[in-house]
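Close look at the chain arrangement
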Amino acid sequence: MRTRPKPQNRRSGAEDLPLDADIERALAQICAGELVAMPTETVYGLAGDATNDQAVAKIFAAKGRPSFNPLIVHVLDLEMARRYGEFTPLAEKLARAFWPGPLTLVLPRTKECGLSLLVSAGLDTIAIRAPDSNVARRLINACGRPLAAPSANRSGAISPTTAEHVRESLGDRAALIIDGGACPVGVESTIVKTDGDRVILLRPGGVARGAIEAIARTPLQTAADEKIEAPGMLSSHYAPGAPLRINADAPRANEAFLGFGNIAAAGTSLNLSPSGDLVEAAANLFGYLRRLDALCAARNLGGIAAAPVPREGLGEAINDRLARAAAPRTGSKAP
Ligand code: AMP
Ligand code: MG
């Protein structure tokens, strides 16, 4: 069980806002690694502690997502965002112009940022924004840490813009739903990535193209033009340097092993969840792949074998991710 996080951002501008009963209750749930549906100016978000792999895994489970899309991390402001993302001058200019507000920036993760690997779905980048909603800001301020928050609906359903929509879609999958009325923007945030002095549009949303172009003083490029990942596409996701062999019942000589449940091995192995808990397995997946990859390099092993993982619940996303990591390399942007 995690202890109450220490507020780290008391100088960040929302320190004088009162904590009402909803925020207090929400804070307790977030600190306990549970999920809270919170209003933002775009749509309702299903929020969890972005530094807690288990909480992030619960978000994927609650949404019923068949694969691990990276999630947007919500912070108070630029000062707080700098701890988690590397800002170029252009990214900073955009943040200053549009935050708080519905613009999400995709940035390289800072070293030792403490964010869950699962929140980036194993990528070396992070999608981050400062929401312009009093409730969301008060909750982030109270938690003193960033909140991962995709739209608070089951996968494939329409994004919720009222607390009632959240209740209809998620039922009791959120420990608490904060009712902040209807969301004023009503569509998701615009997502952009900066590359030198170019800005690449990954998803249109609440900030119009023209507004971004006026600040950036350059036309927006589209993801297709740039052959980079469109939202939801996993082609450039982290894949281990060592070959990965999936659905293996045991490692061969010279292989590291990623176990699951009672399929474990001695030697160079890690077990995603000895008890067979798929939420725990999802929380461990990217970290364990990286650790085994490093071990392969250090000990000159031939590859990683991964035990079969059941396909129910989060197992579908875990299998999707493992299959992609095991697929022949296409020479795409996998680091
Ligand atoms: P949601 O959290 O449901 O609003 O969705 C977040 C969107 O942001 C997804 O479509 C992701 O593909 C996209 N996204 C999040 N992180 C990244 C990233 N590091 N690189 C590219 N796209 C991202
Ligand atoms: Mg959504």
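This structure is a prediction, so every number in the text was calculated from the model and none was measured.

1. Points about the side chain of Glu-255
Looking at where Glu-255 falls in the secondary structure, it is placed in strand S12 (residues 255-259). There is a polar contact of 2.9 Å between the side chain of Glu-255 and the side chain of Arg-245. Those residues in contact with Glu-255 that sit more than four places away from it in its chain are Arg-245, Gly-303 and Ala-305.

2. Remarks on the sheet that holds S12
Pairing within the open sheet is parallel, and its four strands lie in the order S11-S14-S12-S13. Pairing within the sheet leaves two strands with one partner each, and these edge strands are strand S11 (244-245) and strand S13 (269-271). Here helix H9 (residues 278-299) sits on the sheet and contacts S11, S12, S13 and strand S14 (303-306); the angle it forms with S12, its principal contact strand, is near 165°.

3. Thoughts on the confidence of the model for the protein chain
Looking at the protein chain as a whole, its pLDDT mean stands at 88, while 88% of the residues score no less than 70. Residue range residues 1-18 is modelled with pLDDT below 50. Its contacts to residues more than four positions away, or to other chains, number 37 contacts. Note that pLDDT drops below 50 for residues 226-237; the model gives that stretch 33 contacts with residues more than four away or on any other chain.

4. Examining the pattern of salt bridges
In the structure shown here, the tally under the stated rule is 13 salt bridges. Here Glu-92 ties to Arg-82 by a salt bridge, and the two come within 3.1 Å at their closest N and O atoms. Of this pair, Glu-92 sits in helix H4 (residues 89-98) while Arg-82 sits in the loop between helix H3 (78-81) and H4; the two residues are ten residues apart in sequence, bridging distant segments of the chain. A salt bridge links Arg-324 to Asp-320, with the shortest nitrogen-to-oxygen separation between them at 3.1 Å. Linking Arg-324 with Asp-320, this pair stays in helix H10 (residues 315-326), spanning four residues, or about one helical turn. Residue classification places Arg-324 among the partly exposed residues on the basis of a relative accessible area of 41%. Connected through salt bridges with shared partners, the residues Arg-82, Glu-92 and Arg-96 form a single ionic network.

5. A closer look at the sheet that holds strand S7 (residues 176-177)
Across the sheet, which stays open at both edges, the ten strands sit in the order S7-S1-S2-S6-S3-S5-S4-S8-S9-S10 with mixed pairing between neighbours. If you trace the sheet from one side to the other, it starts and ends with S7 and strand S10 (221-222), each paired once. Pairing of strand S9 (residues 198-203) with S10, which is carried by two bridges, proceeds in the parallel orientation. What sits directly across from Leu-201, in S10, is Thr-222.

6. Considerations on the nonpolar core
Formed by 100 residues in total, the largest nonpolar core has its most connected members in Phe-68 and Leu-258. At ten residues, H9 tops the list of elements feeding residues into this core. Sequence-distant contacts of Leu-258, that is, excluding residues within four places in its chain, are made with Leu-270, Leu-272, Leu-285, Tyr-288, Leu-289, Leu-292, Ile-304, Ala-305, Ala-306, Ala-307 and Leu-322. In this structure, Ile-72, Val-106, Ile-200 and Leu-202 belong to the second largest nonpolar core, which totals seven residues.

Analysis parameters
- For every chain, the first residue of the written sequence is number 1, and numbering continues from 1 along that sequence.
- As they are written, the chains are lettered A onward and the ligands numbered 1 onward, keeping that order.
- This being a predicted model, a pLDDT of at least 70 is required before a residue's local features are given, and a value of 80 or more before pairs of side-chain atoms are given or counted; all residues contribute to the totals for chains, interfaces and linings.
- Side-chain metrics in this entry use all non-hydrogen atoms of the structure; hydrogen atoms and water are not considered.
- Strands are runs of DSSP state E lasting at least 2 residues, helices are runs of H or I lasting at least 4, and numbering of each runs from the N terminus.
- By the criterion applied in these results, polar contacts are pairs of N or O atoms within 3.5 Å in which, for protein atoms, one can donate a hydrogen and the other can accept it, and in which residues neighboring in sequence qualify only through two side-chain atoms.
- Here a residue-residue contact requires only that any non-hydrogen atoms of the pair lie within 4.5 Å.
- Two strands make a pair as long as DSSP finds a minimum of two bridges between them.
- Axes, fitted as lines to C-alpha atoms, cover a helix only where it is in contact. Angles between the N-to-C directions of the axes lie from 0 to 180 degrees.
- Scored from 0 to 100, pLDDT reflects the predictor's confidence in each residue.
- In what follows, salt bridge is the name for a side-chain nitrogen of Lys or Arg lying within 4 Å of a carboxyl oxygen of Asp or Glu.
- Exposed residues in this analysis have more than 50% of their type's maximum accessible area, buried residues have under 20%, and partly exposed residues fall in between, with area computed by a 1.4 Å probe over protein chains only.
- Nine residue types can take part in a nonpolar core, namely buried Ala, Val, Leu, Ile, Met, Phe, Trp, Tyr and Cys, and a core is a set of them joined through side-chain atoms within 4.5 Å.

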